[in-house]
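# Secondary and tertiary structure notes
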Amino acid sequence: MYSKKVMDHFMHPRNVGEIKDADGIGEVGNPVCGDLMTFYIKVENNKIKDVKFKTFGCGAAIAVSSMVSELAKGKTIEEAMKVTNKIVVGELDGLPSQKLHCSNLGADALHKAIKNYLEKKKDKDKK
Ligand code: FES
């Protein structure tokens, strides 16, 4: 069924919560089940200094969010953009095939938060 890593991240998810003054926010929904995932990032010197998430979803989605947050922390924006859903599933030692769709949200939410940060930055740089 679920790998030890999935169970660990589901039972003890890392970086749960919200960053009030986040530099970037990304929210995505899963059309298959209606679950929602939101990522918040804080960026300093082009690096993801802090990351938090809120996931209203199944255990697999929570484990995926937790793993994405760990993978993203400390990475540069460019490196974090290279984290794919496939990599996340690999890091979790796999997911049951009927739960693979749950992994689709993870990296997407992170990437959306990064894009949001970059857009905000562009606006700020213009001023
Ligand atoms: Fe919705 Fe897993 S069942 S994300």
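Nothing here was measured: the structure is a model prediction, and the numbers come from that model. (Residues numbered from 1 in each chain as written. Predicted model: local features only at pLDDT ≥ 70, side-chain atom pairs only at ≥ 80, totals over all residues. Heavy atoms only, no water.)

Let us look at the packing of helix 1 (residues 4-11) against helix 2 (residues 59-72). For the pair helix 1 and helix 2, interaxial distance at closest approach is 8 Å and the crossing angle is 90°. Judged by the angle between their axes, helix 1 and helix 2 are roughly perpendicular. The residues of helix 2 that touch helix 1, namely those facing Lys-5, Val-6, His-9 and Phe-10, are Gly-59, Ile-62, Ala-63, Ser-66, Met-67 and Glu-70. The residue inventory of the contact of helix 1 with helix 2, partitioned by class, reads five nonpolar, three polar and two charged. (Axes fitted to C-alpha atoms, helices over the stretch in contact; angles between N-to-C directions. Helix = DSSP H or I, 4+ residues; strand = E, 2+ residues; numbered from the N terminus. Parallel < 35°, antiparallel > 145°, perpendicular 65-115°, else oblique. Contact = heavy atoms within 4.5 Å. Nonpolar A, V, L, I, M, F, W, Y, C, P; charged D, E, K, R; others polar.)

With that settled, consider the environment of Met-1. Looking at the element boundaries, Met-1 is found in the segment before helix 1. Spatially, the C-alpha atoms of Met-1 and Ser-69 are 23 Å apart, while their sequence positions differ by 68 residues.

Okay, the packing of helix 2 against helix 5 (residues 104-126) next. In the contact formed by helix 2 and helix 5, the axes pass within 8 Å of each other and the chain directions differ by 40°. Here helix 2 is positioned oblique relative to helix 5, judged by the angle of their axes. Two packed elements cross with a definite hand, and for helix 2 against helix 5 that hand is right-handed. Where helix 2 abuts helix 5, its residues Val-64, Val-68 and Ala-72 lie against Gly-106, Ala-107 and Leu-110. Residues that form the contact of helix 2 with helix 5 fall into these classes: five nonpolar, one polar and no charged. (Left-handed = near helix turned anticlockwise from the far one by under 90°.)

Considering the arrangement of structural elements, one finds Asn-15 in the loop between helix 1 and strand 1 (24-29). Judged by its relative accessible area of 16%, Asn-15 falls in the buried class. A polar atom in the side chain of Asn-15 sits 2.8 Å from the side chain of Ser-69. In contact with Asn-15, not counting residues within four places along its chain, are Val-51, Lys-52, Phe-53, Ser-69, Glu-70 and Lys-73. (Buried < 20%, exposed > 50% of the residue type's maximum accessible area, 1.4 Å probe, protein only. Polar contact = N/O pair within 3.5 Å; in protein donor to acceptor, adjacent residues only side chain to side chain.)

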